[in-house]
Amino acid sequence: MSNTTHHTQDPQRNDIPNVRPSSTSNATDRLSLLLGQREMSEVPDAAGNANLTLRGQPTSAQTTRSRLKPTQMMQGHTDIVRASAFFKDGRRVVTGSNDETLRIWDVEKGELVGGPFKGHKGSVLSVAVSPDDRRIASGGKDRTIIIWDVESKQMVLGPLVKQRGAVWSVCFSPDGKRLASGSRDQTVVVWDAETGVVLATLQGHRDWVSSVAFSPDGLKLASGSFGTIQVWRTDNAELLLEINAHQHLVRSVVWSPDGQQLVSASRDKTINFWNSSNGDQIGQPCTGHTEYIISLAISSDGSFIATASDDKTVRLWSTETHQHIGEPLDHTNLVFCVTISPNGELLDIVEQWKAEKRIKDYEEVQRRLLLTLGDIQPRSHDTNDELSGKPDTASDHSSQSHQGSGCDENHSLFDIPTNTTVRNACITGDLHIAEELLTQEINADGNNHGSYAIRSVARARNSEWDKALHDSFTSIAIQPSLFGYISKGIALCGSERLVDAMEAFDLACIYSDRHPITVDLLLLIKAVALFNANYHDEARRRVQGLVTAYQHSDTLSCRVVNKWLSKTGGTVKRADRLNECIPCVTDFFSCGALFEPRLKIFTVLFGWDLDSLWQTVNQRRCEVFLRADRLIEAVQSHQYMMRIIEEDAKDSDLKWSTAFKQNCAARYAEKGDNATAESDFERAIELYSAGIELDPSCQSLFARRSKANLERQLYVEALYDAERVIALNPTSYLGYELKDPALPGVHCYDDAIEAFKTLLSKMDDASDTRIQKLCQQYVNPAEVEDAIRRAIHAPLENAPLRLINTSTGHLCDREAQKNAFMNSIEYKELLYSSMTHAPLQMKPIEEAVAKYFSWVMLSHRWESEEPLLHDIQGKVVYDLEAVGTMVKLQTFCKLARDAGHHWAWSDTCCIDQKSNVELQESVNSMFVWYRHSALTIVYLADAPPLTKSGALASSVWNTRGWTVQEFLAPNIVLFYRADWTPYLDDHSSNHKGSVAIMQELQDSTGIDAQALVAFRPGMTGAREKLQWASNRVTTLQEDIAYSLFGIFGIHLPVIYGEKRQNALGRLLQEIVAQSGDITALDWVGKSSEFNSCLPASISSYKSPPCTSPFLSEDQIQMSVLSLQNVTAVDLDLALYTRLANLSPPRFANCRLQLPCIAFLVTGVSRRGGQGQETCFTYDVKADGLDDLLITTEEKLIQFWPARPTARTFLLIRPWHHHDLGLPDFADEMQSMYESGPALDESLGSSPQAGDNEPANSMSRSRASKLIGGLGQPFGARLPAQQHGGTYTDLESHSRALRLIVRLGQPFGALLLAQQHGGEYKRIASDNNIIARVRDMAAVRDMMDVRTVEIL
């Protein structure tokens, strides 16, 4: 099942001998399994590629093993695969490995399709796939959990740290919203799979938790540990059941698909079925495995299960009958993982070595060090007794009879001819009791030859050689037997009658039935008897010869006897030789050799204390390792030995153990410190850990290991060690000092912060001056929390009201955004960092808060059926059906997430269109939202993939009204084509820095590239900005005005349903009223109903603005000189003063108060036409102006001499203070801003300056001019001194003359018609009305300066 974790090798199985990798094992069933074989962990540097082997489906359960062949091999991992899980689609599988990565495979194609996923700092021990196949969870040896996104291959959450032990099992709930993890720290943790928040910590197990599984309905959670299964409620963490399920570790627990049953597999070699409601056992256990069961899986229909065991088999079982299905699937190596795929494929995970040489090296290691319990491959032996020179013909036996023979426990040599009591007395060394009992048997039955033979052996062990020889003769006399001649041979050896002894042993062969094992043991008994007779060299030579003869197949008894003789003879004294020989004996005994029946014969015959031998050998091995400074091996050997003899340990063993640990302790700190000095922190940690294992109360070792873990950035481990130091010595400052640098690296900030608060409270009460000094380095947590809350206000003030959380896919209002932050790792990291660095710094807090709350805006062309607010509210965006425009939203959110941003905004679904209040705020704030966004993504749905330059210019997006502010406002913009690839394949971080893209946008919009890159909102250049929007369209007619609110920095009510003319009129009215800028009156077309001086449509601004001809400074000076000859100074200054004193235009309630110079229209005559015209042309005459033509759609009343009209027409020159020639502060500051070096450089050019002038001198000179101009009188009569009737203020006169020159230039005039109330209305024209004064004299006569009211 896709939500079931699959485990790796049992962490407690450290005593299993290594095996060499071989070819893929066979299978015999039609079912689909995922199998993994264990690595050879003790072979140095031998880790290689991990393989996935895909097997086909056999035609029947009885298919021969040779017919089922692997059909797929997949390689990719660089170390052993430890965990695996199928996707729900059955086509992919995810694997976790010792190489600290996860990978995704296509099992049909045999290809790697995802990964490597990197994030763990240790082996990946467990993996699980979410029910929707979108996410993967992994648990590691580094005690962390990581949740990954399959599509983006990025870490979504984590590393999550809560548990203090390796995470051996992870499992998603059926809805994918929760994740459970089981750890070696004996706990189960339930996580929110979307936020990483811990929902519950389940405690109750008394050993490590090896398996967790949610019930199919998600309401229950089962967990397995040593001997027990616990079932919990998932809503309130209540323990519902505790089942005493097994006698050993429960390695795997699974639910039946209907949730009615639990199935468990254990290291006690059984599989049990349980009623999940009451814990009752169902039916009989499944039995058949001969070693630990380590993995269990159940089919999707619940009809069968599969188990993997240390007996190197995978077995299939019926869940109905609990019986085998087919034959076991045999493997050469130990299988550690099994899972059943949904689509019926068989996968086999096998360790594959990198080089043939390493296999050979390993074979050599195995040959030298390991004693395997395999079958014997005998050969003929030369057993001539070199002491007597007689041939030992009885030992000649065939190798054929030897093959296939095993450890036959029923053979007569192993069935010692006596009762159990006597046999046990001989084994335990109670020879006096044994002799008494045998004597009783002989007295009861004088013909019991077996009793005589055994008593002979007992007496020989007491060195009563004569009595022993007598009993052996008597036994043979009654009935010749194997045991009789053995007892005779031993007694004769003890009597130093070696020739006779060898003959007795030779005769014993006659009664061996030529059984190969019996013959071999007989040869060994002969050698031991020789050894006991002080013929040591001869005895060893014989045993060595026998060992050599069996070097390819190995003989257990030969090796043990050889080692015993070596030990007893004292030949192994040097540490290096002991180091060579002892490991193989120890490794052998770890496999259970003490219980081999064949070895008990040596205890009966010679009194060998094999238990004592084992302990002595292990003690000497530990001491050798210690003397050789191989400290890690010394500790491991000691732990292994003490674990084996734990129950039967004697006082002498415990005394030796204590002394050994004391001897080791002195070396660990020294060796670890040396490694630390050499920066070999990994080695140092191993050394310190070994010392801690021996002495968990050693504070200094924990402190040293904490520092080494910090150097390796293993913060969890460092924190644990620091806490141990505190626990061992709470009054010392050392633990707190270590804890301080460890906490920031731990992502479990809840615990870290609580621990820190506890630390501060302890410091407050401490008398140690060093602790008090340390306390001054920290900030009170409450003070930091308050500072963070204040810092949150700034980014949210300019943020949209709702945003989509790119991690979870939820739509969040501001309160939810704050809550997400307060529960985030970023918040906890910021809180902790700020607490631990006094004094409190606000800048890092503000930067961290701003980074977290940064958002990405989407600019796009609305399509049909866009997702709206109600479509995503309360839902997960990523979980919605990926069709139509939902794909656009989902892809946009993923892009924002992958760019490192937590929040995303789209106008389609992040605004409540039904709320007038929210709509009002959104329209007025949208420019600000784009302005303050971290990134704006522009999606060009009609720009095909791989398209070249031009697609942006021709895109429908580039015609929409709202998009103007969407590309002007942001500082960072990225354009994407229809397939979500960067436009022009430009992968830079900001397309506003792309000359090609900005040039294309400039050419298509008419907006200067500098404004595109560094636009500033405001009313400066209003006419130009209106022209930018003149070609734009919107779906709702009002929106063409609303979309410009932000560009002009205006806030106005949003009244959907009002007419376009009204919306545009309100905007233009506000521009004129606030800024006094009358350039908005420069348009051609139809008048607005809002006010006749305004256009009916934004398109009226398409034509270029009407501007006066440019006059150079020389031309102006020449004109001024010519005017100075005319004595009209009073008129010049009077006109200047009157214009300077005019009030700025006022615009309110649809009425415009416009200051102007008025020219009375004296004649209007219509030119002839066809009579059907819709547009009329008039000849117009006005006082002081040249005659001009005006074209308009309105009919003007003719001027008749006999009948003058009562209606007055004016041609006016709208007045603005700019015309005085004084500098404008706003213009100068805007110019300085736009000409800054940074902006020029962003467009790929540098500012130009003169040879000796700084680049920004032009800006400075303009500023100086501005300041000088502001120092002049403004709006008041110019100062003048009268002397002899002549004005002497030449500067004021010069300024007035310059104004006269400008007024003499052509200008854009407005034609006004007076209304009955005295107000005026503008007569709209289809062309600009360009007027010009008749001559310079007429300019001086312009005394009709007034303010007119226009409706």
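Calculation rules
- Residues numbered from 1 in each chain as written.
- Predicted model: local features only at pLDDT ≥ 70, side-chain atom pairs only at ≥ 80, totals over all residues.
- Heavy atoms only, no water.
- Helix = DSSP H or I, 4+ residues; strand = E, 2+ residues; numbered from the N terminus.
- Buried < 20%, exposed > 50% of the residue type's maximum accessible area, 1.4 Å probe, protein only.
- Contact = heavy atoms within 4.5 Å.
- Areas by Shrake-Rupley, 256 points an atom, 1.4 Å probe, with all protein chains shown as cover.
- Phe/Tyr/Trp six-rings, centres within 6.5 Å; stacked < 30°, edge-to-face > 60°.
- Lys NZ or Arg CZ within 6 Å of the ring centre and 35° of its normal.
- Expected span 1.5 Å × (residues − 1).
- Pairing = 2+ DSSP bridges.
- Disulfide = S-S within 2.5 Å.
- Polar contact = N/O pair within 3.5 Å; in protein donor to acceptor, adjacent residues only side chain to side chain.
- Axes fitted to C-alpha atoms, helices over the stretch in contact; angles between N-to-C directions.
- Parallel < 35°, antiparallel > 145°, perpendicular 65-115°, else oblique.
- Nonpolar A, V, L, I, M, F, W, Y, C, P; charged D, E, K, R; others polar.
- pLDDT = per-residue confidence, 0-100.

Would you explain the overall build of the protein in this entry?
Of the regular secondary structure elements, the protein holds 44 helices and 46 strands. Looking at the protein as a whole, 53% of its 1351 residues are labelled buried. Considering only contacts in the protein between residues 6 or more positions apart, those separated by 24 or more positions represent 62%. Summing over all exposed atoms, the protein offers an accessible surface of approximately 58,800 Å²; the carbon and sulfur share of this is 48%.

Just to check I follow, could you spell out the packing of aromatic side chains for this structure?
The description of two aromatic rings rests on the distance between their centres and on the angle between their planes. In total, this model carries 20 aromatic pairs according to the counting rule given. Following the ring pairs from residue to residue traces out a cluster consisting of Phe 821, Tyr 827, Tyr 852, Phe 853 and Trp 903. Note that Arg 92 overlies the ring of Phe 87, its terminal NZ or CZ placed 4.1 Å from the centroid. Cation over ring: Arg 724 sits above Phe 702, and NZ or CZ is 5.4 Å from the ring centre.

Which parts of the structure should I look at to understand helix α17 (residues 681-694)?
Given 3.6 residues per turn, any residue in an α-helix points the same way as the ones three and four places further on. Counted at 1.5 Å a residue, the expected span for α17 with its 14 residues is 20 Å, and the 20 Å between its end C-alpha atoms agrees. In terms of residue burial, α17 counts as a mostly covered element, since 10 of its 14 residues are buried. For α17, the full list of buried residues reads Phe 681, Ala 684, Ile 685, Leu 687, Tyr 688, Ser 689, Ala 690, Gly 691, Ile 692 and Leu 694. Contacts made by the buried residues of α17 are with α15 (631-644), α16 (651-677) and α18 (699-711).

Sorry, what's going on with the pairing of strand β4 (residues 81-86) here?
For a regular strand, side-chain orientation follows a simple rule: the groups alternate between the two sheet faces. Among the 6 residues of β4, 6 are classified as buried, and the element is accordingly described as predominantly covered. Pairing analysis gives 5 bridges linking β4 to strand β5 (residues 92-97), with the strands arranged antiparallel. When the bridges of β5 are listed, Ser 84 appears paired with Thr 95. What sits between the antiparallel neighbours β4 and β5 is a turn of 5 residues, in which Gly 90 has the positive phi angle 75°.

What should I look at first to understand the state of the cysteines in this one?
Between two cysteines, a covalent bond joining their sulfur atoms is known as a disulfide. Applying the stated criterion to the full structure yields 0 disulfides. Looking at Cys 664, it has no disulfide partner, and the nearest cysteine sulfur is the one in Cys 622, 7.9 Å off. For Cys 664, a relative accessible area of 0% translates into the label buried. The thiol of Cys 1093 is unpaired, and the distance to the nearest cysteine sulfur, on Cys 1156, comes to 9.8 Å. Accessibility expressed as a relative area gives 0% for Cys 1093, which makes it buried.

Where do I start with the pairing of strand β12 (residues 167-172) in this structure?
Burial runs high along β12: 6 of the 6 residues are buried. Sheet topology places β12 next to strand β13 (residues 178-183); 5 bridges connect them, and they run antiparallel. Residue pairing for β13: Ser 169 is matched across the bridge by Gly 182.

For this particular structure, what's the right way to read the environment of His 870?
Relative to the assigned elements, His 870 resides in helix α27 (residues 869-872). Between the alpha carbons of His 870 and Cys 909 there is a distance of 7.7 Å; along the sequence they are 39 residues apart. Within the structure, His 870 has its side chain in polar contact with the side chain of Asp 871 (distance 3.2 Å).

Help me understand the sheet that holds strand β29 (residues 802-805) in this model?
Remark on secondary structure: sheet strands pair via backbone hydrogen bonds, oriented parallel or antiparallel. Read from one edge to the other, the open sheet built from 6 strands follows the order β30-β29-β32-β31-β33-β34, with strand pairing classed as mixed. Each edge of the sheet is formed by a strand with only one pairing partner; in this case those strands are β30 (811-813) and β34 (973-976). For this sheet, the mean angle separating the axes of adjacent strands, direction not counted, is 35°. By the bridge criterion, 3 bridges tie strand β31 (residues 855-860) to strand β32 (residues 903-905) in an arrangement that is parallel. Following the sheet pairing, Met 857 is matched in β32 by Trp 905. Helix α29 (residues 916-932) rests against β29, β31, β32 and β33 (935-939) of the sheet, and its axis sits at about 105° to β31.

Help me understand the packing of helix α39 (residues 1129-1140) against helix α43 (residues 1290-1303) in this model?
For any two helices packed against each other, the geometry is given by the interaxial angle and the distance between the axes. Between α39 and α43, the shortest axis-to-axis distance is 9 Å and the interhelical angle comes to 75°. Between α39 and α43, the angle falls in the class roughly perpendicular. Across the interface between the two elements, Val 1129, Asp 1132, Leu 1133, Leu 1135, Tyr 1136 and Leu 1139 of α39 pack against Ser 1292, His 1293, Arg 1295, Ala 1296, Leu 1297, Leu 1299, Ile 1300 and Leu 1303 of α43. Class assignment for the residues of the contact of α39 with α43 results in 10 nonpolar, 2 polar and 2 charged.

It is not clear to me how the confidence of the model for the protein should be interpreted in this structure. Could you clarify?
It should be kept in mind that the predicted coordinates are not to be read in detail where pLDDT is low. Model confidence for the protein is summarised by a mean pLDDT of 78, while 76% of its residues fall at 70 or above. Segment residues 347-414 is flagged for pLDDT under 50; beyond a separation of four residues in sequence, or across chains, it makes 181 contacts in the model. In this model residues 569-595 is a low-confidence stretch, pLDDT under 50, and it forms 58 contacts with partners more than four residues away in sequence or in other chains.

What is the right way to read the packing of helix α25 (residues 825-835) against helix α26 (residues 842-852) from this model?
For the pair α25 and α26, the least separation of the axes is 11 Å and the interaxial angle reads 175°. Judged on the interaxial angle alone, α26 and α25 are roughly antiparallel. Between α25 and α26, the residues in contact are Glu 826, Leu 830 and Ser 834 and Pro 844, Ile 845, Ala 848, Val 849 and Tyr 852, respectively. Grouping the constituent residues of the contact of α25 with α26 by class yields 6 nonpolar, 1 polar and 1 charged.

Teacher, can you tell me more about the sheet that holds strand β6 (residues 101-106) here?
Spatial strand order, β4-β5-β6-β7: 4 strands in an open sheet with antiparallel pairing. Of all the strands in the sheet, just β4 and β7 (111-118) have a single pairing partner and so form its edges. Averaged over all pairs of adjacent strands, the angle between strand axes in this sheet comes to 20°, irrespective of strand direction.

Looking at this structure, how should I read helix α19 (residues 715-728)?
Over its 14 residues, α19 extends 20 Å from the first C-alpha to the last, a length consistent with the 20 Å expected when each residue adds 1.5 Å. When we look at burial in α19, the residues that qualify are Val 716, Glu 717, Ala 718, Leu 719, Asp 721, Ala 722, Val 725 and Ile 726.

In this structure, what is going on with unusual backbone geometry? I would like to understand it.
Most of the time, phi is negative for any residue but glycine, and the peptide bond is trans. Residue Pro 116 is reached from Gly 115 by a cis peptide bond, and omega for that bond is 5°. Mapped onto the elements, Pro 116 comes out in strand β7. The amide bond that connects Gly 158 to the next residue, Pro 159, takes the cis arrangement and shows omega of 0°. Along the chain, Pro 159 falls in strand β11 (residues 154-161). One non-glycine residue, Gln 186, lies in the positive phi region at around 75°. Examined against the element boundaries, Gln 186 turns out to sit in the loop between β13 and β14 (187-192). Of note, the phi angle at Cys 1150 is positive, near 70°, even though the residue is not glycine. Relative to the helices and strands, Cys 1150 resides in the loop between β35 (1146-1148) and β36 (1151-1166). On the basis of relative accessible area, Cys 1150 is assigned to the partly exposed category, the value being 29%.

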